[in-house]
Amino acid sequence: MDVARLAGVSQKTVSRVFNNEAYVSAEVRGRVLAAAAELGYRRNNAARALASGRTRSIGVVTLGTALYGPASLLMGVERAVRDTGYALRVVNTVEGDPTGIAGAVDSLLDQGVDGIVISEPIDESGNGDGDGDGDGSEVSVQVDVPVLVCGAPPPFAAPKVLAAGVGADQLARTVTEHLLGLGHLTVHHLAGPQRWYAARDRLAGWRAALAAQDRREPPPAEGDWSAASGYAAGRELARDPEVTAVFAANDDMAIGLIRALTEAGRRVPDDVSVVGFDDIPVAAYVTPPLTTVRQPFDAVAQDGIKRLVHAIENPQAEPLAASEPPVDLIVRASTAPPPAGSGTSAHH
């Protein structure tokens with residue numbers, strides 16, 4: 001009541017401001033928030049949860065890893081959730097634990113979260129064959145809140161499942177088409193570990209780009225996301241004089257690959273063009289600066305969280321449509337037309 005009196009508005013208007021409801025002018029909203037700050041008022045989420053049946057909290061299940069992609073997506077989700085006024089609860093899983101997701105979800109449901117984000121990039125069902133059909137159906141958990149799944153198939157059934165961050169295959173097609181457009185007859189691929197959905201998506205996009213232009217598909221190499229694995233693959237690829245273009249499934253592997261090619265006397269990009277994936281901060285500063293594709297982590301997180309909050313607050317409404325993530329190809333100095341006289345048969 002003190003906040004309403006100080007701001008000169010009704011208790012209902014104060015409630016609307018704290019619940020982020022519409023139909024409150026910016027000027028009135030500012031007065032209410034200023035009054036609340038002056039009085040040191042904090043929303044009593046527990047009392048409000050009893051009244052509304054909601055805790056205004058969102059749970060996130062994420063793989064405990066420092067790898068650039070998952071860590072960047074988690075940061076984007078944290079920022080997006082904070083902007084909505086919801087509290088965030090994060091539970092990390094451990095790679096190689098197929099029961100990890102179910103346990104993490106149960107823990108979050110016990111805390112009364114209103115919605116769940118699954119940012120779990122690995123297929124723990126044991127289906128790492130690269131065909132992309134692992135549905136994670138071994139996860140057995142009863143979920144009665146909306147769920148947002150980032151860049152992977154949903155691991156369990158829920159009343160409302162939303163998807164975000166799909167489209168890595170399109171980004172992979174774009175970088176492969178960039179190399180073909182420079183005149184390379186085909187593109188070799190250094191794939192990520194195939195238990196990762198992202199690695200499968202990038203492999204699929206590379207394959208689709210080659211098939212669409214009827215180009216030969218060389219056998220892909222496989223690394224583990226590290227620069228060391230890119231270096232090892234690069235030592236092998238450097239021995240093949242027909243290799244003129246390589247798409248690495250992340251920038252770290254691309255950087256290791258370039259080091260191995262350079263040591264073997266294969267100049268980048270004069271002899272071999274290399275593209276990466278992610279646009280990590282160091283990609284612009286390696287030698288040569290790396291052509292890559294930037295993942296729209298913040299845009300994906302903001303769009304996904306907006307749709308998740310809509311599903312939480314409007315349970316009877318149709319889900320909001322997902323936005324198309326942008327394709328942001330960053331062309332730097334690691335790609336060029338193939339060397340003269342490198343023509344080989346491009347067709348199957």
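Residues numbered from 1 in each chain as written. Predicted model: local features only at pLDDT ≥ 70, side-chain atom pairs only at ≥ 80, totals over all residues. Heavy atoms only, no water.

Its boundaries defined by the atoms lining it, the largest pocket holds a volume of some 570 Å³. Taken together, 35 residues form the lining of the largest pocket, with Gly 165, Ala 198, Arg 202, Gln 295 and Phe 297 sitting closest to its centre. Among the secondary structure elements, those contributing two or more residues to the lining of the largest pocket are α5 (68-84), α7 (168-181), α8 (197-212), α10 (251-263) and α11 (297-313). Grouping the amino acids of the lining of the largest pocket by side-chain chemistry returns 20 nonpolar, eight polar and seven charged. (1 Å grid on protein atoms, 1.4 Å probe; cavity = no way out; pocket = protein on both sides within 12 Å on 5 of 7 lines; lining within 4 Å. Points joined across faces, edges and corners; volume = space filled by probe spheres on them. Helix = DSSP H or I, 4+ residues; strand = E, 2+ residues; numbered from the N terminus. Nonpolar A, V, L, I, M, F, W, Y, C, P; charged D, E, K, R; others polar.)

Within the secondary structure, Asp 114 is located in the loop between α6 (100-110) and β3 (115-119). Engagement of the side chain of Asp 114 in a polar contact is seen with the backbone nitrogen of Arg 56, the distance being 2.5 Å. (Polar contact = N/O pair within 3.5 Å; in protein donor to acceptor, adjacent residues only side chain to side chain.)

Two descriptors summarise a pair of aromatic rings, namely the distance from one centre to the other and the angle between the planes of the rings. Applying the stated rule across the entire model yields three aromatic pairs. Ring centres of Phe 247 and Phe 277 lie 6.3 Å apart, and the angle between their planes is 35°; this geometry places the pair in the tilted category. Highlighted residues: Phe 247 in strand β8 (residues 245-248) and Phe 277 in the loop between β9 (273-275) and β10 (292-294), separated in sequence by 30 residues. Each member of the pair, Phe 247 together with Phe 277, is buried. (Phe/Tyr/Trp six-rings, centres within 6.5 Å; stacked < 30°, edge-to-face > 60°. Buried < 20%, exposed > 50% of the residue type's maximum accessible area, 1.4 Å probe, protein only.)

Let us now look at the pattern of salt bridges. Proximity of charged atoms lets side chains of opposite charge pair with each other. Taken as a whole and judged by the stated rule, the model has 15 salt bridges. The partner of Arg 207 in a salt bridge is Glu 217, with the nearest N and O atoms 3.0 Å apart. With a gap of 10 residues between them, Arg 207 in helix α8 and Glu 217 in the loop between α8 and β7 (221-222) connect regions that are remote in the sequence. Judged by relative accessible area, which is 34%, Arg 207 ranks as partly exposed. Where salt bridges share partners, they join Asp 279, Arg 294, Asp 328 and Arg 332 into one cluster. (Salt bridge = Lys/Arg side-chain N within 4 Å of Asp/Glu carboxyl O.)

Once that is clear, we can look at the packing of helix α2 (residues 11-18) against helix α3 (residues 26-39). Where α2 meets α3, the axes come as close as 10 Å, and the angle between the chain directions of the two elements is 90°. Taken together, the axes of α2 and α3 lie roughly perpendicular to each other. Between α2 and α3, the residues in contact are Thr 13, Val 14, Val 17 and Phe 18 and Val 28, Arg 29, Val 32, Leu 33 and Ala 36, respectively. For the contact of α2 with α3, the residue count by class is seven nonpolar, one polar and one charged. (Axes fitted to C-alpha atoms, helices over the stretch in contact; angles between N-to-C directions. Parallel < 35°, antiparallel > 145°, perpendicular 65-115°, else oblique. Contact = heavy atoms within 4.5 Å.)

To continue, consider unusual backbone geometry. In this structure, the amide linkage connecting Val 268 to the following residue, Pro 269, adopts the cis form with an omega of 10°. Structurally, Pro 269 can be placed in the loop between α10 and β9. In this model, Thr 287 is joined to Pro 288 through a cis peptide bond whose omega is -10°. With respect to the element layout, Pro 288 can be found in the loop between β9 and β10. For Trp 225, which is not glycine, the phi dihedral falls at a positive 85°. When its relative accessible area of 6% is taken as the criterion, Trp 225 is described as buried. Located in the positive-phi region is Asp 279, a residue other than glycine, with phi close to 60°.

A few words now on the environment of Tyr 86. Tracing the chain through its elements places Tyr 86 in the loop between α5 and β2 (87-93). Each C-alpha atom, one on Tyr 86 and one on Gly 59, is 10.0 Å from the other, the two residues being 27 residues apart in sequence. Within the local environment of Tyr 86, its side chain forms a polar contact with the side chain of Glu 313, the two groups lying 2.7 Å apart.

Here we take up α3. Its 14 residues place the ends of α3 20 Å apart at the C-alpha level, agreeing with the 20 Å of an ideal helix rising 1.5 Å per residue. Along α3, the positions that sit buried rather than exposed are Val 28, Val 32, Ala 35 and Ala 36. Across the axial projection of α3, the buried residues extend over an arc of 100°, all falling on one side. Within α3, the exposed residues directed more than 90 degrees away from the buried face are Ala 26, Ala 37 and Glu 38. Of the surrounding secondary structure, the elements contacted by the buried residues of α3 are α1 (2-7) and α2. (Expected span 1.5 Å × (residues − 1). Arc of directions from axis to C-beta.)

Over its 14 residues, α7 runs 20 Å from end to end, which matches the ideal 20 Å to within 8%, given 1.5 Å per residue. Taken together, the buried positions of α7 are Ala 168, Leu 171, Ala 172, Thr 174, Val 175, Thr 176, His 178, Leu 179 and Leu 180. Turning to α7, the residues buried within the fold contact α8, β8, β9, β10 and β11 (328-330). Looking one or two residues past α7, Gly 183 carries a phi angle of roughly 110°, positive in sign.

This part takes up the environment of Ser 57. Residue position: Ser 57 is located in strand β1 (residues 57-63). Assessed through its relative accessible area of 0%, Ser 57 is described here as buried. For the pair Ser 57 and Gly 115, spaced 58 residues apart in sequence, the C-alpha separation works out to 7.3 Å. Ignoring sequence-local partners within four residues, the contact set of Ser 57 consists of Tyr 86, Ala 87, Arg 89, Gly 112, Val 113, Asp 114 and Gly 115.

Glancing now at the pairing of β1. Taking burial as the measure, the seven residues of β1 include seven buried ones, the bulk of the element. Of the two faces of β1, the one carrying Ser 57, Gly 59, Val 61 and Leu 63 and the one carrying Ile 58, Val 60 and Thr 62 are both buried. Both β1 and β2 contribute to a ladder of seven bridges, which runs parallel. Paired with Val 61 across the strands is Val 91, a residue of β2. For the crossover that starts at β1, traverses α5 and ends in the parallel β2, the hand is right-handed. The pairing of β1 with β3 spans five bridges and is parallel. (Pairing = 2+ DSSP bridges. Right-handed = clockwise from strand over helix to strand, strands pointing away.)

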